[in-house]
Amino acid sequence: MDQHFRKATGSDLDLVKQTLYLALSWDPADPIPPFDQVVDHPEIAIYHRDWMRRGDAGVVAEFGGSFAGMAYYRMFSDDEHGQGFLDAATPELAIAVVPEHRGRGIGGRLLSLLHDAARRDGIEQISLSVHAGNPAGHLYERHGYMPAPGDDDELMVVRLGPHTGEA
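Being a predicted model, the structure only gives us computed values, none of them experimental.

A.B. asks: Would you mind going over the overall build of the protein with me for this structure?
C.D. replies: On a plain count of helices and strands, the protein comes out with five helices and seven strands. When the elements of the protein are put in sequence order from the N terminus, they spell out β-α-α-α-β-β-β-α-β-α-β-β. When the 167 residues of the protein are sorted by exposure, 44% land in the buried category. For the protein, restricting intrachain contacts to residue pairs at least 6 apart in sequence, the fraction spanning at least 24 positions comes to 64%. Accessible surface, the protein as shown: approximately 9,100 Å² in total, 50% of it carbon and sulfur. Taking the average location of the 14 positive side-chain charges in the protein and that of its 26 negative ones, the two points are 7 Å from each other.

A.B. asks: Teacher, can you tell me more about the nonpolar core here?
C.D. replies: A general trend in soluble globular proteins is that nonpolar side chains are found buried together. In this structure, Leu93, Leu110, Ile126, Tyr140 and Tyr145 are the most contacted members of the largest nonpolar core, which totals 26 residues. Where this core is concerned, the elements lending two or more residues are strand S2 (57–63), strand S3 (66–74), strand S4 (92–97), helix H4 (106–120), strand S5 (125–129), helix H5 (136–142) and strand S7 (155–159). With six residues, H4 is the single largest residue contributor to this core. Sequence-distant contacts of tyrosine 140, that is, excluding residues within four places in its chain, are made with Leu93, Ile95, Leu111, Leu128, Val130, Tyr145 and Met156.

A.B. asks: How should the environment of glutamate 43 be read in this particular structure?
C.D. replies: Note on placement: glutamate 43 falls in helix H3 (residues 42–45). Separated by 16 residues in sequence, glutamate 43 and aspartate 27 have C-alpha atoms that sit 19 Å apart.

A.B. asks: In this structure, what is going on with H4? I would like to understand it.
C.D. replies: In an α-helix, one full turn covers 3.6 residues, which means residues spaced three or four apart are oriented alike. In this model, H4 (15 residues) spans 21 Å end to end at C-alpha, consistent with the 21 Å of a helix rising 1.5 Å per residue. The set of residues buried in H4 consists of Ile106, Gly107, Gly108, Leu110, Leu111, Leu113, Leu114, His115, Ala117 and Ala118. Just downstream of H4, glycine 122 is the residue with a positive phi angle, here 80°.

A.B. asks: I keep staring at the pattern of salt bridges and nothing clicks. Help me out?
C.D. replies: Charged atoms that come close allow side chains of opposite charge to pair. Scanning all chains against the criterion turns up five salt bridges. Where aspartate 12 meets arginine 6, a salt bridge forms, and the shortest distance between an N and an O atom there is 2.8 Å. Taking relative accessible area as the criterion, aspartate 12 reaches 5% and is therefore assigned buried. Its relative accessible area of 23% is what places arginine 6 among the partly exposed residues. Aspartate 56 serves as the salt-bridge partner of arginine 74, at 2.8 Å between the closest nitrogen and oxygen. Of this pair, arginine 74 sits in strand S3 while aspartate 56 sits in the loop between H3 and S2, and the two are 18 residues apart along the sequence. Judged by its relative accessible area of 0%, arginine 74 falls in the buried class.

What counts, and where the lines are drawn
- Residues numbered from 1 in each chain as written.
- Predicted model: local features only at pLDDT ≥ 70, side-chain atom pairs only at ≥ 80, totals over all residues.
- Heavy atoms only, no water.
- Helix = DSSP H or I, 4+ residues; strand = E, 2+ residues; numbered from the N terminus.
- Buried < 20%, exposed > 50% of the residue type's maximum accessible area, 1.4 Å probe, protein only.
- Contact = heavy atoms within 4.5 Å.
- Areas by Shrake-Rupley, 256 points an atom, 1.4 Å probe, with all protein chains shown as cover.
- Lys, Arg positive; Asp, Glu negative; His and termini not counted.
- Charge placed at Lys NZ, Arg CZ, Asp CG, Glu CD.
- Core = buried A, V, L, I, M, F, W, Y, C linked by side-chain atoms within 4.5 Å.
- Expected span 1.5 Å × (residues − 1).
- Salt bridge = Lys/Arg side-chain N within 4 Å of Asp/Glu carboxyl O.

Written out as structure tokens, the structure is:
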């Protein structure tokens, strides 16, 4: 079965919600409430409300025709933002890979493709929030994410180089 990556569309709202739930339930030793309760919570709903509004971009991974993961970024404001907020010019990243598809390089490929899209869109940097102990922290570090200056290491940022004109 082949991996397939595609640009996220406005019809991917359910995948955005699945991505959020997967990202939040990363620690099997710390179960979280049921799906609808989590994704409908006001602090989480800001990550999917009005999906594909201006400033939203994403990449979806499929494996054998099934959803395998997603990475997307979303712009926020000083008035409404998530835990990974740096500033109004920096979109916040959300990413998750379905557990049975982890360890196949999907997360790294999603990040690379999303970074390329961000460069094409003129985005200079992307931020995210990651809890200590989350193994995804190593993936972020391999892709250039560093602790944001003056933060407690949960807020990370990657500075993107300029778009080179390549596809």
